[in-house]
2 protein chains.
Amino acid sequence: MAIPDDFDAWFRLLQTPGLGREGARRVLAAFGSPDAALGATAQALTELGGPALTATMARREPECEARLAAARAWLAGGDERHVLTLGDAFYPPLLLQTADPPLLLYVQGRASLLAAESVAIVGSRDATPQGLANAREFARELAQAGLSVVSGLAAGIDGAAHEGALAAGGTTLAVVGTGPDRVYPARHRALARRIADTGAIVSEYDPGTPVLPEHFPQRNRIIAALSRGTLVVEAAPRSGSLITARLAVEAGREVFAVPGSIHSAQSKGCHALIRQGALLVESAADILEALRGTRPAAAPAETGDEAEDPLLAALGHDPATLDALLARTGWPSAELSAKLLELELDGRVARLPGGLFQRRIAG
Amino acid sequence: MAIPDDFDAWFRLLQTPGLGREGARRVLAAFGSPDAALGATAQALTELGGPALTATMARREPECEARLAAARAWLAGGDERHVLTLGDAFYPPLLLQTADPPLLLYVQGRASLLAAESVAIVGSRDATPQGLANAREFARELAQAGLSVVSGLAAGIDGAAHEGALAAGGTTLAVVGTGPDRVYPARHRALARRIADTGAIVSEYDPGTPVLPEHFPQRNRIIAALSRGTLVVEAAPRSGSLITARLAVEAGREVFAVPGSIHSAQSKGCHALIRQGALLVESAADILEALRGTRPAAAPAETGDEAEDPLLAALGHDPATLDALLARTGWPSAELSAKLLELELDGRVARLPGGLFQRRIAG
């Protein structure tokens, strides 16, 4: 993708010290473009935001031009390197719907995937082995169902989620808190390369930006905002994954959480989310049902085929007593009662006054 | 407790074939007492319920008098044996608030416990070892907090719940689906004796009533109705515990469920309940908080003492930059960021525009 004509102006606007994304969006809204904002007169700026805004807009980050040159060099380094501006026609629509969309997004890989239907899978860096296996399996099934899997390339759950999607031959996006040219943790370098080959590495930080802990909660907001829903597989009570979940809720997206043992610290964050309204999920089918309104056809049916149930056959469509059913089926009383209870709980048999049982037809 | 004067009339009314509890409550409401209902004229009965009711009320269960004599003999067999009628002043108030209160309740043990504040603990007969341990621990802590533990004397979770309450020196009630003189399963005979010694065995079935599978869902309604809330510790997707939970909801009571591994069949019923609105609980403290509005003082505080937090002390009450906090604390950057994140999630620190952090005071 060619570098957009107005990239330099976007870059310089964003690097204005003390302006921030919110300030940048404000001057963009007022002046129409980053070029116009950077060229606005002191009078116009003072009218918009008082002398403070005029002073801020006059500031220049000393290393801005060097960083811009580095960014242009990185972008020129390969066909699979892209930058999207907030004004780009291909800017991801779901991101636009959130309160704090990034002004620039650097992408290494398939930029079109940013607009694909996706689910975020996040969780603890110190995950349990079962948590890692669960993350892989959820990612594998979601990818097989055609969803992209978004995560943060971190150790633990994040890495397992990317691996699961790749193992299914699906696509996965890694939203990183460093520049798009850096990999953290370093042991995920091979994983990052595989993600970039078939999916995408995404960052709002310009190339060369090192690991800065304060960037991670910011990165989490992009993970939440890019996705139709966020699944938290394992999380300690106070952890970054819960920030991602909170940001997903604020963006009006679904939050899903995997329950676990009440004795596992890594499940307590998930349990807290469920108590706050997150959907408890046991399988990818639960997520697909919530997002698409239907369970995937491949999921195992929870109830047997009604036509084949021998007790429903014995019951027919008229009320019958327990004695009659004992005689018809020839089953031991306990087994018959257990089976009747099961059908009653299924809503397929009703218990009538007078000890009678009757078949119920759904719908 | 002496046998109530009108016990024979209650017994005979309830044994009228085809009348049922609903029919019995109807004639009681119309005629004022079981004696008056049994002595009502054909004309009065026909006016109330047509010829069908008159025919029903004329029926007599052939073994009724023999069963009545057996019930009186059982009641006369010990000071700790009682029967409560629906009209009794000591009839449990919570039971009266439900749609289908038992007309007679046989009690072996402390009848006054029927009115004590209680929580039901129910679950699978085929519980996992961890499920049994959880049931014991929840029961122990609830009993220590002064609540009675109600369960069904069944194998598995029920037995563990009774054991846990007894181990804490607390009180526990077993609502059984047999007559009060029978124990099912037989291996719970010693447990039943210990329950009767300090708590109570409760049944709506007259002495001598054997194990009838169709009685168990009926028994479950009494467990749910006697209790302020019902805790399901482990349950398969279609099981009697889910009936108890549904009946608790219908009676306007709380339902609590313990989450577990998504790979355990014995947790799937609990997960289904949570999805339907049951409160996910990790400890007895969660239940006590839901029922009493406060967490027990003994529960470990979830947040540290604010006065003692060194980072909050370093932050003071004015906004500060990360650099300033690095200088004040002398901590490594990663550690400082992690701790700030923790305080932010706790709601005790706010992240302001411009990279500033500020202390937040609750309330």
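Placed above this text is the structure.
Below you will find a few notes about this structure.

Analysis parameters
Residues numbered from 1 in each chain as written. Chains lettered and ligands numbered in written order. Predicted model: local features only at pLDDT ≥ 70, side-chain atom pairs only at ≥ 80, totals over all residues. Heavy atoms only, no water. Contact = heavy atoms within 4.5 Å. Buried area = accessible area lost by both parts, 1.4 Å probe. Salt bridge = Lys/Arg side-chain N within 4 Å of Asp/Glu carboxyl O. Polar contact = N/O pair within 3.5 Å; in protein donor to acceptor, adjacent residues only side chain to side chain. Axes fitted to C-alpha atoms, helices over the stretch in contact; angles between N-to-C directions. Helix = DSSP H or I, 4+ residues; strand = E, 2+ residues; numbered from the N terminus. Parallel < 35°, antiparallel > 145°, perpendicular 65-115°, else oblique. Left-handed = near helix turned anticlockwise from the far one by under 90°. Nonpolar A, V, L, I, M, F, W, Y, C, P; charged D, E, K, R; others polar. Pairing = 2+ DSSP bridges. Buried < 20%, exposed > 50% of the residue type's maximum accessible area, 1.4 Å probe, protein only. Right-handed = clockwise from strand over helix to strand, strands pointing away. Expected span 1.5 Å × (residues − 1). Bend = angle between axes of the 7 residues up to and from the residue. Least-squares fit on C-alpha atoms with pLDDT ≥ 70 in both.

1. Examining the interface of chain B and chain A
Item 1. Taken residue by residue, the interface counts 38 residues in chain B and 39 residues in chain A.
Item 2. The contact between chain B and chain A buries some 3,200 Å² in all, and 59% of this surface belongs to carbon and sulfur atoms.
Item 3. The largest contributions to the chain B side of the interface with chain A come from B:Arg238, B:Ile262 and B:Glu282, which together make up 22% of the buried area.
Item 4. Counting across the chain B and chain A interface gives 7 salt bridges.
Item 5. Here A:Lys268 ties to B:Glu282 by a salt bridge, and the two come within 3.9 Å at their closest N and O atoms.
Item 6. At the boundary of chain B with chain A, the tally comes to 12 residue pairs in polar contact (both at pLDDT 80 or more).

2. Quick look at the packing of helix H7 (residues 129–144) of chain A against helix H13 (residues 284–292) of chain A
Residues and elements named next belong to chain A.
Item 1. Packing of H7 against H13 brings their axes to within 9 Å, and their N-to-C directions diverge by 45°. Classified by the angle their axes make, H7 and H13 are oblique. Helix-helix and strand crossings are classified by hand; for H7 and H13 the assignment is right-handed. Judged by residue contacts, Phe138, Glu141 and Leu142 of H7 engage Ala284, Ile287 and Leu288 from H13.
Item 2. Taken together, the residues that form the contact of H7 with H13 break down as 5 nonpolar, no polar and 1 charged.

3. Thoughts on the sheet that holds strand E8 (residues 254–257) of chain A
All names here are of chain A.
Item 1. Here we have 9 strands laid out as an open sheet, ordered E1-E2-E6-E5-E4-E3-E7-E8-E9, and mixed in their pairing. Pairing within the sheet leaves two strands with one partner each, and these edge strands are strand E1 (81–85) and strand E9 (279–280).
Item 2. Where strand E3 (residues 118–122) lies against strand E7 (residues 229–232), 4 bridges are found, and the strand directions are parallel. When the bridges of E7 are listed, Ala120 appears paired with Thr230.
Item 3. Its contacts with the sheet place helix H9 (residues 189–198) against strand E2 (104–109), strand E5 (172–175) and strand E6 (200–203), and it is angled at close to 100° to E6.

4. Observations regarding the environment of B:Ala40
Item 1. Residue position: B:Ala40 is located in the loop between helix H3 (34–38) and helix H4 (42–58).
Item 2. In this structure, the C-alpha to C-alpha distance between B:Ala40 and B:Ala30, residues 10 residues apart in sequence, is 9.9 Å.

5. So, the pairing of E5(A)
Residues and elements named next belong to chain A.
Item 1. A two-sided burial pattern is seen for E5, the buried positions comprising Thr172 and Ala174 on one face and Leu173 and Val175 on the other.
Item 2. The sheet contact formed by strand E4 (residues 148–151) and E5 spans 3 bridges and is parallel. Across the sheet, residue Val149 finds its bridge partner in E5, namely Thr172.
Item 3. Following the chain from E4 across helix H8 (residues 157–167) to the adjacent parallel E5, one finds a crossover that is right-handed.
Item 4. With 3 bridges joining them, E5 and E6 adopt parallel strand pairing. Counted as the bridge partner of Ala174 is Ile201 from E6.

6. As for helix H4 (residues 42–58) of chain A
Residues and elements named next belong to chain A.
Item 1. Look at H4: only 9 Å from first C-alpha to last across 17 residues, short of the 24 Å you get at 1.5 Å a residue.
Item 2. Within H4, the axis deviates most sharply at Gly49, by approximately 130°, and proline Pro51 lies no more than four positions further along.
Item 3. Listed in full, the buried residues belonging to H4 are Leu45, Gly50, Leu53, Thr54, Thr56 and Met57.
Item 4. On the buried face of H4, the contacting elements are helix H1 (7–14), helix H2 (20–31) and helix H3 (34–38).

7. Some points on the pairing of strand E6 (residues 200–203) of chain B
When a strand is regular, its side chains alternate between the sheet's two faces.
All names here are of chain B.
Item 1. With burial as the criterion, each face of E6 is covered, one bearing Ala200 and Val202 and the other bearing Ile201 and Ser203.
Item 2. In this structure, strand E2 (residues 104–109) lies alongside E6, joined through 4 bridges in antiparallel fashion. Paired with Gly109 across the bridge in E6 is Ala200.
Item 3. Since strand E5 (residues 172–175) and E6 lie parallel, the crossover through helix H9 (residues 189–198) that links them has a hand, and here it is right-handed.

8. Notes on the relation of the copies chain B and chain A
Item 1. The transformation that overlays chain B on chain A combines an axial shift of 0.2 Å with a rotation of 180°, and the residual RMSD is 0.2 Å. With respect to symmetry, the two chain copies, as superposed, fit the operation of a two-fold axis. Relative to the rotation axis, the C-alpha of B:Gly260 is the closest in chain B, positioned 2.2 Å from it.
Item 2. A shared interface surface links the copies, since 100% of the contact residues of chain B are contact residues in chain A too.

9. Some details on the pattern of salt bridges
Residue and element names in this part refer to chain B.
Item 1. Under the criterion given, the structure shown has 37 salt bridges over all chains.
Item 2. For Asp100, the salt bridge is made with Arg21, and the minimal N-O distance between the two is 2.7 Å. Here Asp100 is found in the loop between helix H6 (93–96) and E2, whereas its partner Arg21 is found in helix H2 (residues 20–31), with 79 residues between them in sequence.
Item 3. Taking the relative accessible area as the measure of exposure, Asp100 reaches 23% and is therefore partly exposed.
Item 4. Look at Arg21 and you get buried, because its relative accessible area is 19%.
Item 5. Among the salt bridges present, the one from Glu250 reaches Arg246, with a minimum N-O distance of 3.9 Å. Taken as a pair, Glu250 and Arg246 lie in helix H11 (residues 240–250) at a separation of 4 residues, close to a single helical turn.

Any link to function would need more than the numbers given here.
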